[in-house]
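Secondary and tertiary structure notes
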Amino acid sequence: MSVARRALILAASAALLAACSPTPAAPPAGTGAAPASSITELDYYADEQGSAAWQKILDTCASQTGIKIQRQTVPTAQMLPKVLQGASSKTLPDLLFTDNPTLQQVAATGALTPLDGYGISTDGYYESIVKAGSYQGKVYGVAPGVNGLALIYNKDLLTAAGVEPPKTWDELKAASAKLTKDGKYGLAFSAIPSEEGTWQFLPFFWSNGAELSQLDSAQSVKALQFVTDLVNSGSASKSVVTWNQNDVADQFVAGNAAMMVNGSWNLARLDEQKSLHYGVVPIPVPQAGAKPVVALGGEVGAVPVTGGPTQQAAGKVLSCILSEPTMLEWSKAHAYIPSKTATAAKFGAGQPAMQAFVDEVGTARSRTAELGEKYPKVSQALADALQAALTGKQPADQALKAAQQASGS
Amino acid sequence: MTLVAPAVAAPPRAGRKPRRDNRFAAWLFLLPALAYIVVFFGYPLAANVVMSTQDYTVKSFYTGEAPFVGFANYSAVFGNSLFSTAVLNTVLFTAGSLVFQFGIGLALAVFFSGRFLGSALLRSLLLLPWLLPLVVSGAIWRWMFDQDHGVLNAALRFVGLDAVPWLSSTGWALPAVILTNIWIGIPFNLVILHGGLRAIPASLYEAASLDGAGAWQRFRHVTWPLLRPVTGIVLMLGLVYTIKVFDVIMVVTGGGPANATQTLTTWSYRLSFQDFAFGQGAAVGNVLILVATVFGLLYLRSAKATLAEAAA
Amino acid sequence: MKTSSWPRTVFGVLIVAVLLFPLYWMVNASLQPGGALLRPDPAFFPVGGTLDGYRKALSSQGPHLLSSVVVALGTVLVSLAIAAPASYALAQLKFRGGPVLVFVLLIVQMIPGIVMANALYTVFSNLGLIDNYLGLVLADSTATIPFAVLLLRAFMISVPKELTEASRVDGAGYWRTFRSIILPVSRNALVTAGLFSFLFAWADFLFAVTLTTGQSFEPITVGIYRFVGNQSADWNGIMATAVLAAVPAAVLLVVAQRYVVAGLTSGAVKD
């Protein structure tokens, strides 16, 4: 009882505190202040392998800069709520690593500082990753490594069926059909009703010349029709509407699909399966000779407004994370592609399995470059259209027309 | 549970203290709970109501400023084509879950309240589903529902039936999440109803048996009427818990396919954290609270009747 | 009744087997390499399985389990301490605002979890209650206190008023009546409310992930995400953790159930 009573008193004072809501501190970018000796950092590399790889990077930079790094890791879906809570109670971490399409949302709150204030330049980076990290003409986030999607195939199954890894849509269609037998599907991909589904569809959408500003264009309809036909013809399971990318990899590893659309981060896991022989090729394109255009993935580092000394310290740590040796170390450990063109070329040469991914990054696009803060709404509309077409609820053209309306309103 | 049978004889005393004394004591006993409610629910509730009348954006989180827009968020929500879908799904989900959770829970409670070897142990084992984190039970059900390799369809094929596209068809996805939610909800219904059954004095059943009542008649004329206060509370709590179910749907279908399992709760979350229309998300949340208010009023009316019975 | 005991036990076992099949599937998955249950011919028995998941879970999840136990037990204590007196007042003392309060208790439970979490985060971060056991216990109690009050009240209503009023006439104050009549008589209702409070708190993920940063402690529902990455999931480790997490709580459930049953035969009011 007395514990409860004391708790109540505490809580009541909490409510009072909350009522006279704190005035925003809003310190200036804080050049000139001496860097703090320790900072807090927030990321979503929660799994054992990713967490250990990231911890090594942080340890390296902690010893290089002499700044202690207090790390916090949250499950992926909790990242944005956590950042918004931090923004509203002025308890943001000093250094933040978040998925690149959410960077502009966070920047829009006004809680981030431009990175040029810390001597971080974007020279030599892929243009698309710089765009992803920019908001209203200023760079707020830069990634040490990026990723993208490619077509990963089971060598044994393709050889047995006498199928070459497909390069074009026609070849993909034919190969998937031929590989579909004995309860196995030719292709697996993810089309769930969220950002993940959009991200998986964008390589088909963009490679065919469609634009996010007009979801119901002829190119867009053709891309959606192509994907829908793969499912309707039985070459891909109807379950793609419920599989996230992780499930897709599970299906591939279990031998239920001969090919899958998935990212480089899976390679470590595929390597663990001794009996599985896989190969990687770029995402097939509409016509031979065209360049695949995938969406750019990866987490960008940003420095929230937390006060001069901590901001300077966070800037120093971020600079270290973006230095070439760390970039290479991170890319190797987590199967990412370095975000600087020259570093990536060096990296690709030494990692044959990564070459297809490295090649694609050159033409990859940032999801938020054109739409900025409006992207999430458009992405949601596109994912809805994808689901409507794949479940047969609406034909592709109608589904996309509805999506264009929903995203425009 | 409390087995104070209504039939317990009370000592024949009749002295009473003045009512005022009584009321003062009631306040004292209620004070901790009242304070807790005001502090822990008052602020979130008020914040949600205020937010629903504002154009609340991600920026508002940082600056604390959001322009007042009156009922614009509500009209935007009501005008959204997803609103009717979400309402219908919410009604179906809630009704489907409640009916079967309660029905199965009651049947099991009656069955396991009989004394037989291992009845107590088996009954407590049935609570185990509650101990699993939802990310785990959701994943298990997703595997079991898998159209091609799931164990449910394997069982259907085994008995000669067709495989069911549980999660990939717009028609089956809602039944599938309802099934999952029923499974999760049975233990709750079972335990509380079991407690209610235990409070019914055995002498009433014996009397009914002497009068020649069969098992069904005993249930109909003894169990059911005496269980009413407990069924009221189970159904009302069940309604409140079911209508706001969020994680189960998010883990199993994410609201898909093609919004087939989008309920008001998942939609509210989506409006807030995927569309960043926090005002509209809050508005949907308030609509839910309003719905609960209506049901709460209905419950109160029936509870008053029960109270009157108890006092009689 | 004695003669028909065996068939009923068999039938009961059958029911339990069907309802707990998903749990068996979890145990099965915890002993097999990730994705094994998705093969065209899933193994119904984990023959030749792996204990890797358990090794990983045991090495990293022990402290998380302990945190969960502390939080869940704390929630039971706080919930009952606040709810039991309130239920007594609502059920036994003529309190005019009673129905309104019951009504409020029902309504407040409808506030969406994420709204509660956001609001509590703001309040708690100002108070330094982030990463604090008491903070998380108080937050988890938002789900359990209304529930416990409603449940306890429903049972306390059936305590005959003559009983409590007699004690008052004997000179006992309200507090003593509450302690020496109401509480003992409601023992089983208290166990039930406590049991569910424990389960609610044990299963909570949203408050746990919102109000802790992993710096000092982390409940198991958050800790399990050590095996769930942005783009990967180690099902073997996840399922093993879930099994390990279920064991201590399951033991507690069985013990609590026994207590309820024991109370049934001995706790009845006798004069």
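Procedures and definitions
Residues numbered from 1 in each chain as written. Chains lettered and ligands numbered in written order. Predicted model: local features only at pLDDT ≥ 70, side-chain atom pairs only at ≥ 80, totals over all residues. Helix = DSSP H or I, 4+ residues; strand = E, 2+ residues; numbered from the N terminus. Contact = placed C-beta atoms within 7 Å. Buried ≥ 20, exposed ≤ 12 C-beta atoms within 10 Å, placed from the backbone. pLDDT = per-residue confidence, 0-100. Pairing = 2+ DSSP bridges. Core = buried A, V, L, I, M, F, W, Y, C linked by C-beta atoms within 7 Å. Axes fitted to C-alpha atoms, helices over the stretch in contact; angles between N-to-C directions. Arc of directions from axis to C-beta. Left-handed = near helix turned anticlockwise from the far one by under 90°. Nonpolar A, V, L, I, M, F, W, Y, C, P; charged D, E, K, R; others polar. Parallel < 35°, antiparallel > 145°, perpendicular 65-115°, else oblique. Expected span 1.5 Å × (residues − 1).

**What about the overall build of chain C?**
- If you tally the helices and strands in chain C, you get 12 helices and 0 strands.
- Along the first, second and third principal axes, the C-alpha set of chain C runs to 70 × 65 × 30 Å.
- Partitioning the intrachain contacts of chain C with sequence separation of at least 6 by distance along the chain shows that 78% fall at a separation of at least 24.

**A look at the overall build of chain B**
- The secondary structure content of chain B amounts to 14 helices and 0 strands.
- Going from N to C terminus, chain B has its helices and strands arranged as α-α-α-α-α-α-α-α-α-α-α-α-α-α.
- Oriented by its inertia axes, the alpha-carbon framework of chain B measures out at about 70 × 65 × 30 Å.
- Taking all 312 residues of chain B together, 50% fall into the buried category.
- Once local pairs closer than 6 in sequence are excluded, the contacts in chain B between residues at least 24 apart make up 67%.

**Quick look at the confidence of the model for chain C**
Residues and elements named next belong to chain C.
- Residues at a pLDDT of 70 or more form 93% of chain C, whose mean pLDDT is 84.
- Helix α3 (residues 52–92) holds the highest mean pLDDT among the elements of chain C, 92, whereas helix α12 (residues 235–266) holds the lowest, 74.
- Overall, residues 262–271 carries pLDDT values under 50, and its contacts beyond four positions in sequence, including any with other chains, amount to 12 contacts.
- The ipTM for the predicted assembly is 0.85, set against a pTM of 0.88.

**Quick word on the pairing of strand β9 (residues 149–154) of chain A**
Residues and elements named next belong to chain A.
- Across the 6 residues that make up β9, a large majority, 6, are buried.
- Every second residue of β9 is oriented toward a common face, with L149, L151 and Y153 on one face and A150, I152 and N154 on the other, all of them buried.
- For β9 and strand β11 (residues 257–263), the ladder comprises 5 bridges, and the chain directions are antiparallel. Each residue of the ladder has a partner; that of I152, found in β11, is M260.

**Examining the nonpolar core**
- M260, V317 and A385 of chain A together with A83 of chain C are the most contacted members of the largest nonpolar core, which totals 317 residues.
- Leaving out residues up to four positions away in the same chain, A385 of chain A has contacts with L215, L224, A399, L400, A402 and A403 of chain A.

**So, the sheet that holds β11 of chain A**
Residues and elements named next belong to chain A.
- What the 4 strands build is an open sheet, ordered β10-β11-β9-β12; its pairing is mixed. The sheet terminates laterally at β10 (185–188) and β12 (278–281), the two strands that pair on one side only. Direction aside, neighbouring strands of the sheet carry axes that sit 20° apart on average.
- Relative to β12, β9 is paired through 4 bridges, and the arrangement is antiparallel. Note on β12: the bridge partner recorded for N154 is Y278.
- Packing of helix α7 (residues 169–179) onto the sheet brings it into contact with β10 and β11, and relative to β10 it is tilted by some 130°.

**Brief notes about helix α14 (residues 341–350) of chain A**
All names here are of chain A.
- Among all positions of α14, only T343, A344 and F347 are buried. Viewed along the axis of α14, the buried residues span an arc of 95°, placing them on a single side of the element. Of the residues in α14, the exposed ones pointing more than 90 degrees away from the buried face are A342, A345 and A349.
- Looking at the buried positions of α14, the neighbouring elements they touch are α13 (324–334), β14 (337–338) and α15 (355–361).

**Looking at the environment of A25 of chain B**
- By secondary structure assignment, the location of A25 of chain B is in helix α1 (residues 19–51).
- If near-sequence neighbours (up to four positions away) are discounted, A25 of chain B is found in contact with L93 and Y174 of chain C.

**Digging into the environment of P160 of chain C**
Residue and element names in this part refer to chain C.
- Here P160 is to be found in the loop between α6 (133–156) and α7 (161–169).
- Accessibility expressed as a C-beta count within 10 Å gives 19 for P160, which makes it partly exposed.
- Sequence separation between P160 and Q92 is 68 residues; the distance between their C-alpha atoms is 8.9 Å.

**Examining the interface of chain B and chain C**
- In this assembly, 92 residues from chain B lie in contact with 91 residues from chain C.
- Elements with a contribution of two residues or more to the side of chain B that touches chain C: α1, α4 (81–113), α5 (119–125), α6 (134–145), α8 (173–198), α11 (228–243), α13 (264–273) and α14 (278–311) of chain B.
- Looking at which element gives the most residues to the side of chain B that touches chain C, the answer is α1 of chain B, with 18 residues.

**A few points about the packing of α3 of chain C against α6 of chain C**
Residues and elements named next belong to chain C.
- At their nearest, the axes of α3 and α6 sit 6 Å apart, and the two run at 35° to each other. Crossing of α3 over α6 shows right-handed handedness.
- In the contact of α3 with α6, the residues fall into 20 nonpolar, 7 polar and 2 charged.

**A short note on the packing of α11 of chain B against α6 of chain C**
- Where α11 of chain B contacts α6 of chain C, the two axes come as close as 10 Å, and the packing angle between them is 165°. In terms of orientation, α11 of chain B lies roughly antiparallel with respect to α6 of chain C. In this structure, α11 of chain B crosses over α6 of chain C, and the sense of that crossing is right-handed. Between α11 of chain B and α6 of chain C, the contacting residues are P229, V230, I233 and L237 of chain B on the first element and F147, L150, L151 and A154 of chain C on the second.

**Describing helix α5 (residues 113–127) of chain C**
Residues and elements named next belong to chain C.
- Compared with the 21 Å implied by 1.5 Å per residue over 15 residues, the 21 Å span of α5 between its first and last C-alpha is a close match.
- Across the 15 residues that make up α5, a large majority, 12, are buried.
- Buried within α5 we find V115, M116, A117, N118, A119, L120, Y121, T122, V123, F124, S125 and N126.
- Just beyond α5, the residue with positive phi is G128, at close to 70°.

**Some details on the pairing of strand β3 (residues 95–99) of chain A**
Residue and element names in this part refer to chain A.
- Most of β3 is tucked away, with 5 of its 5 residues classed as buried.
- Here strand β1 (residues 38–43) pairs with β3 via 2 bridges, running parallel. Paired with E41 across the strands is L95, a residue of β3.
- Where β3 meets strand β13 (residues 299–304), 4 bridges bridge the pair, whose relative direction is antiparallel. By the bridge assignment, F97 is partnered in β13 with G301.

**Quick word on the interface of chain C and chain A**
- Tallying the contact residues gives 33 residues for chain C and 39 residues for chain A.
- Elements with a minimum of two residues in the side of chain C that touches chain A: α3, α5, α6 and α10 (206–211) of chain C.
- It is α5 of chain C that contributes the most residues to the side of chain C that touches chain A, 9 residues altogether.

**Topic: the environment of S168 of chain B**
- Inspection of the secondary structure puts S168 of chain B in the loop between α7 (151–158) and α8.
- Along the chain, S168 of chain B and P257 of chain B lie 89 residues apart, while their C-alpha atoms are 6.3 Å from each other.
- Setting aside residues up to four positions removed in sequence, S168 of chain B forms contacts with K238, S239, V241 and T242 of chain A together with Q147 and P257 of chain B.

**Regarding the confidence of the model for chain B**
- Looking at chain B as a whole, its pLDDT mean stands at 85, while 90% of the residues score no less than 70.
- For the stretch residues 1–17 of chain B, pLDDT sits under 50, and the model shows 44 contacts to residues farther than four places along the chain or on other chains.

**A few points about unusual backbone geometry**
- At the junction of G256 of chain B and P257 of chain B, the peptide bond is cis and its omega measures out at -10° in the coordinates.
- Its place among the elements puts P257 of chain B in the loop between α12 (247–252) and α13.
- Located in the positive-phi region is Q136 of chain A, a residue other than glycine, with phi close to 50°.
- Under the C-beta neighbour-count criterion, Q136 of chain A is labelled exposed, with 11 such atoms within 10 Å.
- The phi angle at N259 of chain B is positive, at roughly 65°, despite the residue not being glycine.
- Note that N259 of chain B resides in the loop between α12 and α13.
- C-beta crowding within 10 Å serves as the criterion here: with 25 such atoms nearby, N259 of chain B is assigned to the buried category.

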